[in-house]
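Each chain, written out:
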Amino acid sequence: MSLRWRTPRLLRQGLLAMLGAQLTAVVTLMGADRVRRLLRGRKIPDLPPADPVSHPVGDGSVATTYTYGEILFEDMLAAIEGAQRRILLETYIIKGDEMGRRFKQALIDAADRGVEVYVIFDQFANLVVKRSFLKFPPPINVLVYPIVSSWKVLSPRHIGRDHRKILVVDDRVAYVGGYNIGSTYATEWRDTHLRIEGPAVWDLDNAFVDFWNTHPRRNTPMIEQNPSTGWRPHIRAHRNVPRQLMFPIRGMYLEAIDRAHKSIDITAAYFIPDRDILAALLDAKRRGVRVRIIVPRISNHVVTDWLSRGFYGRLLRAGVEIYRYNDHMVHAKTATIDGEWTTIGTANIDRLSLLGNYEINLEILDQGLAAGMEQVFADDCVKCERLSLEDWMRRPFVARVYEALLKPLALLL
């Protein structure tokens, strides 16, 4: 057989061998993680409670940061219980556990007393939740973002999930951030959420209404849109809208990193930067900016952890500081730059969030809030182990093999 005919065959065989090796790597990592969880065999200890901290922001709005889920959930439930006119709740996950049942009952009670209640949740993210729990009585309007939103399943307009977490009550108070709804998230996960009061609530209200009205489902009425309260340069909501091919959160990060001249602090549940974001961080470090990143030592997605590891070498060699959060899952999606700029929201630094999912992040220009978030970052660093370049270079050979095999998958996530 001539080389001309053998080459395509060899390429196919090589590709199949690579795919087989990648599949084996994924399966063995997931299996090892499953064994680790079984051997641990004990409940994860609760995080120490942390009180929310409020900051007045520019235009008369007040921003309150939450880093302890149980306190956040109690405040959200209180807002729902005090609602008089309308509740808008959008969540990626709502567990059918004690906390999830409390939220469901609070929504039912609100609807029973005449409050308009609208609920959005992602069908794929809740596949493990009993279908009976996800059924709400008729007074509540429900939009389920489906597993397949279009027959054009490979279109970038329809690949992503609805990963947003928003609660708006009576157009006067709103919540947004990384917390899903569930008992585990209340005490065992380290996350960050933001409560907004004042004119900036309109941005989150409008984000929910736009999503609802552009994803019509049978028997779900359109929601009337409130008039804008004007421009607020101190707080801006950036929304990824795949159906319109709009992904401004990635641009927000790139612009902010490019402006940095002193410090960049990032907390990322899943850190798989694309080429441009990685280059921007490395360039910031070269011009003298202190760059620090907190990631989970072991997250709830072990394959994602290993994909993230593929970037550690370049970052550490450039002088970027990497801190790995111990004992608990850190799920926050935040960044603070130069003690002035902050973002808190739902988007991870990976392709799926920045170029695929429906996401929302608030961009806030306020020194008081930024100082508060820098303190949160400092407190988190105490609970982390800093990864040194020397320790990284001493990792086992088999770990390097896994990183090399899995690296191409970063293009998918």
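These numbers come from a predicted model, not from an experiment.

**Q** Describe the overall build of the chain, naming the residues involved and giving the relevant values.
**A** What the chain contains, in helices and strands, is 13 helices and 18 strands. Against the 2.2 N^0.38 benchmark of 22 Å for 413 residues, the chain shows a C-alpha radius of gyration of 22 Å, consistent with a compact globule. Here the C-alpha coordinates of the chain stretch approximately 75 × 50 × 45 Å along the principal axes. Here the chain holds 413 residues, and 54% of them are scored as buried. Of the contacts formed within the chain by residues at least 6 apart in sequence, a portion of 77% connects residues at least 24 apart. Taken as a whole, the chain presents about 19,400 Å² of accessible surface, with 56% of it coming from carbon and sulfur. Across the chain, 56 positive and 47 negative side-chain charges occur, with their mean positions spaced 11 Å apart.

**Q** An account of the sheet that holds strand 5 (residues 140-145) is needed here, citing residue identities and associated values.
**A** Taken together, the 8 strands give an open sheet; going across it, the order is 1-2-9-7-6-3-4-5, and neighbouring strands pair in mixed fashion. Single-partner strands in this sheet number two, and they are strand 1 (53-57) and strand 5. Between one strand axis and the next, the sheet turns by 15° as a mean value, whatever way the strands run. One ladder, built from 5 bridges, connects strand 7 (residues 173-177) with strand 9 (residues 193-197); its direction is antiparallel. Pairing of Tyr-175 across the sheet is with Arg-195, part of strand 9.

**Q** Tell me about the pattern of salt bridges, and name the residues and values.
**A** Applying the stated criterion across every chain, the model contains 22 salt bridges. A salt bridge links Arg-102 to Glu-74; its shortest N-O distance comes to 2.7 Å. You can see Arg-102 sitting in helix 3 (residues 98-112) and its partner Glu-74 sitting in helix 2 (residues 69-81), a full 28 residues away along the chain. By relative accessible area, Glu-74 is classed as partly exposed at 33%. Taking the shortest distance from any N to any O, the salt bridge between Arg-195 and Glu-197 comes out at 3.2 Å. Judged by its relative accessible area of 29%, Glu-197 is partly exposed. One network of salt bridges, in which partners are shared, links Arg-85, Arg-86, Asp-171 and Asp-205.

**Q** So, a nonpolar patch on the surface: which residues are in play, and what are the values?
**A** Side chains of Phe-124, Leu-127, Val-128, Ile-147 and Val-148 sit close together on the surface and give an oily, nonpolar patch of about 490 Å² of accessible area. Mapped onto the secondary structure, Ile-147 falls in the loop between strand 5 and strand 6 (166-169).

**Q** Tell me what's going on with the pairing of strand 13 (residues 321-325), and back it up with residues and numbers.
**A** A regular strand places its side chains on the two faces of the sheet in alternate fashion. Judged by how many residues are buried, strand 13 sits mostly within the fold: 5 of 5 residues are covered. Neither face of strand 13 is open: one carries Glu-321, Tyr-323 and Tyr-325, the other Ile-322 and Arg-324, and all of them are buried. Here strand 12 (residues 290-296) runs beside strand 13; their pairing, made up of 5 bridges, is parallel. Pairing of Arg-292 across the sheet is with Glu-321, part of strand 13. Inspection of the sheet shows strand 13 paired to strand 18 (residues 384-387) by 4 bridges, in the antiparallel sense. What sits directly across from Ile-322, in strand 18, is Leu-387.

**Q** Give me the packing of helix 6 (residues 248-259) against helix 7 (residues 275-286): which residues, what numbers.
**A** For the pair helix 6 and helix 7, the least separation of the axes is 9 Å and the interaxial angle reads 15°. Taken together, the axes of helix 6 and helix 7 lie roughly parallel to each other. Judged by the twist between their axes, the crossing of helix 6 over helix 7 is left-handed. Contacts from Arg-250, Leu-254 and Ile-257 in helix 6 reach Asp-276, Ile-277, Ala-280, Leu-281 and Ala-284 in helix 7. Among the residues forming the contact of helix 6 with helix 7, the class breakdown is 6 nonpolar, no polar and 2 charged.

**Q** Any chance you could break down the UniProt feature "domain: PLD phosphodiesterase" (unreviewed entry) in the chain for me, citing the residues and the numbers?
**A** Within the UniProt annotation, "domain: PLD phosphodiesterase" (unreviewed entry) is assigned to residues 158-185 and 326-353. As a span, residues 158-185 carries 11% helix and 32% strand, and end to end its C-alpha atoms are 28 Å apart. Between the first and last C-alpha atoms of residues 326-353 the distance is 24 Å; the span itself is 11% helix and 43% strand.

**Q** Residues and numbers for helix 5 (residues 201-214), please.
**A** With 14 residues, helix 5 extends 20 Å from end C-alpha to end C-alpha; this agrees with the ideal 20 Å at 1.5 Å per step. Summarising burial for helix 5: 12 of the 14 residues are buried, a large majority.

**Q** Can you lay out the sheet that holds strand 12 for me, pointing to particular residues and giving the numbers?
**A** Read from one edge of the open sheet, 8 strands run 10-17-16-15-11-12-13-18, paired in mixed fashion. In this open sheet, the two strands that pair with only one neighbour each are strand 10 (235-240) and strand 18. When the angles between neighbouring strand axes are averaged without regard to direction, this sheet yields 15°. In terms of strand pairing, strand 11 (residues 263-268) meets strand 12 through 5 bridges, oriented parallel. Along strand 12, the bridge assignment pairs Ile-266 with Ile-293.

**Q** Which residues make up the packing of aromatic side chains, and what values go with them?
**A** Overall, the coordinates contain 11 aromatic pairs when judged by the stated rule. Ring geometry for Tyr-118 and Trp-212: centres 5.1 Å apart, planes at 85°, overall edge-to-face. With Tyr-118 in strand 4 (residues 116-122) and Trp-212 in helix 5, the pair connects residues that are 94 residues apart, well separated along the chain. Given the relative accessible area of 1%, Trp-212 is considered buried. With centroids separated by 5.9 Å and ring planes inclined at 50°, the aromatic side chains of Tyr-145 and Phe-211 adopt a geometry described as tilted. Here Phe-211 lies in helix 5 and Tyr-145 lies in strand 5, a separation of 66 residues in the sequence. An identical accessibility class is assigned to Tyr-145 and Phe-211; each is buried.

Parameters and conventions
Starting from 1, residues in each chain are numbered consecutively following that chain's sequence as written. Reporting in this predicted model follows two pLDDT cut-offs: at least 70 for local features of residues, and 80 or more for side-chain atom pairs to be given and counted; totals over whole chains, interfaces and linings ignore these cut-offs and use all residues. No hydrogens and no water enter the side-chain calculation; it runs on all heavy atoms of the structure. Only DSSP runs of H or I with at least four residues qualify as helices, and only runs of E with at least two residues qualify as strands; both kinds are numbered from the N terminus onward. With C-alpha atoms as the basis for the radius of gyration, the globule rule is written as 2.2 Å multiplied by the number of residues raised to the power 0.38. Under the scheme applied here, a residue whose accessible area is under 20% of the maximum for its type counts as buried, over 50% as exposed, and between as partly exposed, the area being computed with a 1.4 Å probe on protein chains only. Whether two residues are in contact is decided by their heavy atoms: any pair within 4.5 Å suffices. We get accessible surface area from the Shrake-Rupley algorithm with a probe of 1.4 Å; when it comes to residues, only the shown protein chains can shield them. We count Lys and Arg on the positive side and Asp and Glu on the negative side, and we leave His and both chain ends out. Taken as the charge centre is NZ of Lys, CZ of Arg, CG of Asp or CD of Glu, depending on the residue. DSSP-based pairing: two strands are paired if at least 2 bridges between them are found. Here the axes come from fitting lines to C-alpha atoms, over the contacting stretch only for helices, and the angles between their N-to-C directions go from 0 to 180 degrees. A pairing counts as a salt bridge when a side-chain nitrogen of Lys or Arg comes within 4 Å of a carboxyl oxygen of Asp or Glu. Within this analysis, patches are made of residues with over 30% relative accessible area and no salt bridge. Like charges are joined at 9 Å or less; nonpolar side chains (Val, Leu, Ile, Met, Phe, Trp, Tyr) at 5 Å or less. For classification purposes, an angle smaller than 35 degrees is called roughly parallel, one larger than 145 roughly antiparallel, one from 65 to 115 roughly perpendicular, and anything else oblique. Definitions for this section: a left-handed crossing has its near helix turned counterclockwise from the far helix by less than a right angle. A right-handed crossing has that turn clockwise. Charged residues are taken to be Asp, Glu, Lys and Arg, nonpolar residues to be Ala, Val, Leu, Ile, Met, Phe, Trp, Tyr, Cys and Pro, and polar residues to be all remaining types, Gly included. UniProt positions are given in the numbering used here, feature names are shortened, and annotations may be inferred rather than shown by experiment. The length a helix should cover is 1.5 Å for every residue beyond the first. In summary, the pairing rule links any two rings of Phe, Tyr or Trp, Trp by its six-membered ring, whose centres are within 6.5 Å, and it sorts them by plane angle into stacked for under 30 degrees, edge-to-face for over 60 and tilted for everything else.

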